[in-house]
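# Residue-level structural notes
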Amino acid sequence: MNAPDRFELFVLPDGVRKLTITPDTKIPNAATFKVEKEDHTLANMLRMQLLEDPKVLFAGYKMPHPLDHYFVLKVQTTPDTTPAHVLGNALTELIQNVGSMKNKFEMELIRARSETQKVEMGEGEDISHQVDMDF
């Protein structure tokens, strides 16, 4: 039908950059970032991470069209930093947060499996109904 091939959702064509930066000429300390082959998942996480930085005055994104697989992120900062710098910091913090969440999940999974094995062997209490995930 009219649906694009699935690989078009994530494969970057030759000559296309993943990230392009366009400085804003009308607003001071502002820039527009176009991120190819990504969707609301990354865009919203980036926006939220950017808004946690006190040097960010504005951060917002839009997806121009559902069939276009990119988002446009607008960032405005205080005069003592640049949008590219705060975006780099936000990406670093986001990677650390996701890594920390992954580690916590894996540790909880190991704990739950060991408790399940103890129950199967008749040792310990049944915790199958009380998995506690503290993020």
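Summary of the structure given here. (Residues numbered from 1 in each chain as written. Predicted model: local features only at pLDDT ≥ 70, side-chain atom pairs only at ≥ 80, totals over all residues. Heavy atoms only, no water.)

## Quick notes on the pairing of strand 4 (residues 70-77)
Most of strand 4 is tucked away: 6 of the 8 residues are buried. The pairing of strand 2 (residues 30-36) with strand 4 spans 7 bridges and is classified as antiparallel. In the strand pairing of strand 4, Ala31 is matched with Val75. As defined by bridge partners, strand 3 (residues 56-62) adjoins strand 4 across 6 bridges and the pair is classed as antiparallel. Paired with Ala59 across the bridge in strand 4 is Val75. (Buried < 20%, exposed > 50% of the residue type's maximum accessible area, 1.4 Å probe, protein only. Helix = DSSP H or I, 4+ residues; strand = E, 2+ residues; numbered from the N terminus. Pairing = 2+ DSSP bridges.)

## Examining the pairing of strand 1 (residues 19-23)
The pairing of strand 1 with strand 2 spans 5 bridges and is classified as antiparallel. Residue pairing for strand 2: Pro23 is matched across the bridge by Ala31. Adjacent in sequence and paired antiparallel, strand 1 and strand 2 are bridged by 6 residues, among which Asn29 carries a positive phi angle near 55 degrees.

## Some words on helix 2 (residues 83-120)
In a regular helix each residue adds 1.5 Å, so 38 residues correspond to 56 Å; helix 2 covers 55 Å between its end C-alpha atoms and thus fits that length. The set of residues buried in helix 2 consists of Pro83, Val86, Leu87, Ala90, Leu94, Glu108, Ala112 and Glu115. Along its buried surface, helix 2 packs onto strand 1, strand 2, helix 1 (40-51), strand 3 and strand 4. Gly122 sits one or two residues past helix 2 and shows a positive phi near 90 degrees. (Expected span 1.5 Å × (residues − 1). Contact = heavy atoms within 4.5 Å.)

## Description of the pattern of salt bridges
Going through the model one piece at a time under the given rule, you end up with 6 salt bridges. With a closest N to O distance of 3.1 Å, Asp24 and Lys74 form a salt bridge. You can see Asp24 sitting in the loop between strand 1 and strand 2 and its partner Lys74 sitting in strand 4, a full 50 residues away along the chain. A residue is classified by how much of its surface remains accessible, and Lys74, at 33% relative accessible area, is partly exposed. In this structure, Arg111 engages Glu108 in a salt bridge whose closest nitrogen and oxygen atoms are separated by 2.5 Å. Of this pair, Arg111 and Glu108 are both found in helix 2, 3 residues apart, which corresponds to roughly one turn of the helix. Arg111 gets classed as partly exposed once you look at its relative accessible area, which sits at 33%. (Salt bridge = Lys/Arg side-chain N within 4 Å of Asp/Glu carboxyl O.)

## A few points about the side chain of Asp53
Along the polypeptide, Asp53 turns up in the loop between helix 1 and strand 3. Lys55 provides the closest opposite charge to the buried, salt-bridge-free Asp53, at an N-O distance of 6.2 Å. (Lys, Arg positive; Asp, Glu negative; His and termini not counted.)

## A short note on the packing of aromatic side chains
The tally for this structure, following the rule as stated, stands at 1 aromatic pair. When the ring of Tyr61 is compared with that of Phe71, the centres are 6.2 Å apart and the planes differ by 75 degrees; the resulting orientation is edge-to-face. Pair noted here: Tyr61 is in strand 3 and Phe71 is in strand 4, with a separation of 10 residues, a long-range link. Taking the relative accessible area as the measure of exposure, Tyr61 reaches 24% and is therefore partly exposed. Residue classification places Phe71 among the buried positions, given a relative accessible area of 0%. Here the guanidinium or amino end of Lys34 rests over the ring plane of Tyr70, the centre of that ring lying 4.3 Å away. (Phe/Tyr/Trp six-rings, centres within 6.5 Å; stacked < 30°, edge-to-face > 60°. Lys NZ or Arg CZ within 6 Å of the ring centre and 35° of its normal.)

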